[in-house]
Amino acid sequence: MLNVRQIRVNWSKDKLQKLIDAAVNQEIFSFFESSDEQTKWIGIGSTSRINPDSVQNSFDVVRDWFLNIQKQLPKKTDLNSIAVIGGFSFYQFSEKSKFWQNWSGGVFVLPRIIIKISSDKVVISEIREHGFSGDKLEDALDKIMRMDGSSSTLRSFTKRNDSPDWAKIVDELAGKISQDEILKKVVLGRFSEGILDGQIDSNKLLKGLQALNRNTYHFILKIKDQMFVSATPERLFKLEDKDFSTAAVAGTIKRGDSQLSDDKLSLELYKDEKNRAEHSIVATEILSKIKSFSDDIESSKVPMILKNQTVQHLYTPINAKINTDKNVFDLIKIMHPTPALGGFPTKQALELITQLETRKRVMFGAPIGYITLSGNAELIVGIRSMYINKNNFLIFAGAGIMPDSVGSSEFAETELKLQPMLKLLQYLEGK
Ligand SMILES: C=C(O[C@@H]1C=C(C(=O)O)C=C[C@H]1O)C(=O)O
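Please read these numbers as outputs of a predicted model, since none were measured by experiment. (Residues numbered from 1 in each chain as written. Predicted model: local features only at pLDDT ≥ 70, side-chain atom pairs only at ≥ 80, totals over all residues. Heavy atoms only, no water.)

Below, the discussion takes up the side chain of R5. Here R5 shows up in strand 1 (residues 3-9). Residues within four places of R5 in sequence aside, it is in contact with I124, S125, E126, F132, D135, K136, L137 and A140. (Helix = DSSP H or I, 4+ residues; strand = E, 2+ residues; numbered from the N terminus. Contact = heavy atoms within 4.5 Å.)

In structure tokens, the structure reads:
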């Protein structure tokens with residue numbers, strides 16, 4: 001059995017921020033913030049952790065672990081205020097990756113202390129395997145807040161000159177797609193890697209992630225020497241009881257320097273046939289997946305524009321009511337990967353991705369996020385993200401390749417998609 005104690009607090013914003021600042025410095029830290037900044041989950045420590053073996057189906061392994069936790073919670077627990085936080089692996093059943101080590105199959109934590117901040121309340125829960133040692137939860141939190149902050153600094157980082165052939169591979173792939181009767185789209189990624197000199201100041205990392213990336217999710221999972229950080233704009237889905245919401249995010253153009261040029265670019269993107277076709281493949285496939293569990297679906301007929309720091313996307317929000325008793329894990333299996341990260345048809349696209357990409361994606365492009373112990377969840381797509389292992393970093397950026405794609409333009413697009421994490425590293429360097 002697990003022991004749980006929970007409190008609802010009416011703290012000032014400053015006091016909450018102080019707790020978050022202290023939490024970030026802990027060895028094991030997890031953080032999720034929605035793009036409207038209305039929902040935050042902050043996890044400190046770990047009462048239970050699962051690292052699915054990469055050759056197993058990580059969705060099933062995490063589900064079994066999750067169900068086992070559910071069974072062990074006391075009856076009166078407010079299950080909606082406790083969540084596991086983590087990420088799956090992009091592929092089910094792949095080989096181990098040396099670089100990702102025990103994260104090869106993804107990783108989820110049940111934090112020891114978890115803070116749920118929503119628009120109307122803040123609930124803090126502590127979950128322990130053994131009983132609580134006398135002190136109150138408030139005292140345990142005070143203790144965390146009194147701990148010294150870290151004094152780490154990132155002196156510099158060096159990025160290796162990577163993927164010299166990527167544009168050429170894209171041109172070849174586009175040629176292949178145009179000759180193939182079935183294959184329509186493949187999302188090909190490139191990896192930018194390098195070395196960190198010094199240690200990242202986690203507090204500054206979170207501040208930078210938020211300040212440099214407005215209008216995106218903010219996600220951090222740190223377990224000792226390993227960390228995954230993301231400023232993704234893309235939701236795989238949010239599940240709240242029977243309400244299911246997602247969005248198609250595909251089709252990209254840069255931001256303009258002025259309001260006028262930015263609006264001109266939005267219009268160019270909106271009217272561009274290649275981008276509209278690319279977007280339509282994603283939206284249509286997402287809708288067809290949702291039809292398997294809903295007959296009440298709402299989506300806009302034409303895409304909107306979603307603006308992030310360095311790029312803007314075509315964007316179609318989709319809402320549905322679920323008509324079966326499928327749980328969050330069933331839904332992940334159905335939804336992942338959408339053609340925004342895989343391609344179309346999925347199977348052929350995934351085969352090509354495995355053949356052509358130089359590294360395993362693992363958590364890049366995979367479902368990451370939180371799952372509450374009541375079975376609600378928000379899973380986001382692990383892009384605009386970076387993985388750090390000790391002093392090595394790896395950043396991923398992909399682009400949807402269509403028959404008329406041009407390697408050099410897709411390369412330029414991925415350069416823009418690498419920026420959120422490269423700018424974050426620059427910010428951490430203090431430059
Ligand atoms: C693959 C990435 O982004 C995806 C691909 C897009 C595209 O090709 O237009 C747009 C948004 C994402 O769905 C990435 O950022 O790495």
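Okay, the site of the ligand next. Residues in close proximity to the ligand total 18 residues, the closest being E234, V249, T252, R384 and G398. Separating an oxygen atom of the ligand from a side-chain N or O atom of T252 is a distance of 2.5 Å. Residue E278 places a side-chain N or O atom 3.0 Å away from an oxygen atom belonging to the ligand. Starting from 390 Å² of accessible surface for the ligand in isolation, the protein chains cover 100%. Secondary structure elements with two or more residues in the shell around the ligand: strand 14 (243-254), strand 22 (392-401) and helix 10 (407-429). Here the shell around the ligand takes 5 residues from strand 22, the largest share from any one element. Partitioned by chemical class, the residues of the shell around the ligand number 8 nonpolar, 5 polar and 5 charged. (Near = heavy atom within 4 Å. Polar contact = N/O pair within 3.5 Å; in protein donor to acceptor, adjacent residues only side chain to side chain. Areas by Shrake-Rupley, 256 points an atom, 1.4 Å probe, with all protein chains shown as cover. Nonpolar A, V, L, I, M, F, W, Y, C, P; charged D, E, K, R; others polar.)

Cis geometry marks the peptide bond from H336 to P337; its omega dihedral reads -10°. Within the element layout of this structure, P337 appears in the loop between helix 8 (328-335) and strand 18 (343-344). With an omega of -10°, the peptide bond running from F344 to P345 counts as cis. Despite not being glycine, D241 has its phi angle at roughly 55°, a positive value. Here D241 lies in the loop between strand 13 (235-240) and strand 14.

Moving on to the pairing of strand 7 (residues 113-117). Summarising burial for strand 7: 5 of the 5 residues are buried, a large majority. Neither face of strand 7 is exposed, since I113, I115 and I117 on one face and I114 and K116 on the opposite face are all buried. Note: strand 7 against strand 8 (residues 122-128), 5 bridges, orientation antiparallel. In the strand pairing of strand 8, I113 is matched with E126. Two successive antiparallel strands, strand 7 and strand 8, enclose a turn made up of 4 residues. (Buried < 20%, exposed > 50% of the residue type's maximum accessible area, 1.4 Å probe, protein only. Pairing = 2+ DSSP bridges.)

Take the UniProt feature "domain: Chorismate-utilising enzyme C-terminal" (unreviewed entry) in the protein chain next. According to UniProt, the "domain: Chorismate-utilising enzyme C-terminal" (unreviewed entry) feature falls on residues 164-417. In residues 164-417, the share of helix is 34% and the share of strand is 35%. The end C-alpha atoms are 17 Å apart. (UniProt positions renumbered as here; feature names shortened; annotations may be inferred.)

In this section: the side chain of S34. Its place among the elements puts S34 in the loop between strand 2 (28-33) and strand 3 (40-44). Taking the relative accessible area as the measure of exposure, S34 reaches 5% and is therefore buried. Side chain to side chain, S34 and D36 meet in a polar contact 2.6 Å long. Residue contacts for S34: discarding those within four places in its chain leaves T39, T216 and Y217.

Looking at helix 8, one finds that the buried residues are V328, F329, L331, I332 and M335. Each buried residue of helix 8 lies within a common arc of 160° when the element is viewed along its axis, so the set occupies one face. (Arc of directions from axis to C-beta.)

For the structure on display, the rule yields 21 aromatic pairs. Positioned over the ring face of W11 is K15, at 4.3 Å from the centre of the ring. We note K204 situated over the ring of Y427; from NZ or CZ to the ring centre the distance is 5.7 Å. (Phe/Tyr/Trp six-rings, centres within 6.5 Å; stacked < 30°, edge-to-face > 60°. Lys NZ or Arg CZ within 6 Å of the ring centre and 35° of its normal.)

The next thing to look at is the pairing of strand 2. Across the 6 residues that make up strand 2, a large majority, 6, are buried. In the sheet, strand 2 pairs with strand 11 (residues 218-223) via 6 bridges, with the strands oriented antiparallel. The partner of F29 across the bridge, within strand 11, is K222. Sheet topology places strand 2 next to strand 3; 5 bridges connect them, and they run antiparallel. Directly across from F29, in strand 3, lies its bridge partner I44. Connecting strand 2 to the next strand, strand 3, in antiparallel fashion are 6 residues, including E37 with a positive phi near 60°.

Glancing now at the pattern of salt bridges. Across all of its chains, the model carries 26 salt bridges by this definition. With a shortest N-O distance of 3.4 Å, R63 and D60 are connected by a salt bridge. On the criterion of helical spacing, the pair formed by R63 and D60 is a turn pair, its members being 3 residues apart in helix 2 (residues 58-72). With a relative accessible area of 22%, R63 lands in the partly exposed category. A salt bridge links K307 to D262; the shortest N-O distance between them is 2.8 Å. Of this pair, K307 sits in strand 16 (residues 304-307) while D262 sits in helix 6 (residues 259-271); the two residues are 45 residues apart in sequence, bridging distant segments of the chain. Here D262 falls in the buried class, since its relative accessible area comes to 4%. Residues joined by salt bridges that share partners form a network here, namely R5, R112, E126, R128 and D135. (Salt bridge = Lys/Arg side-chain N within 4 Å of Asp/Glu carboxyl O.)

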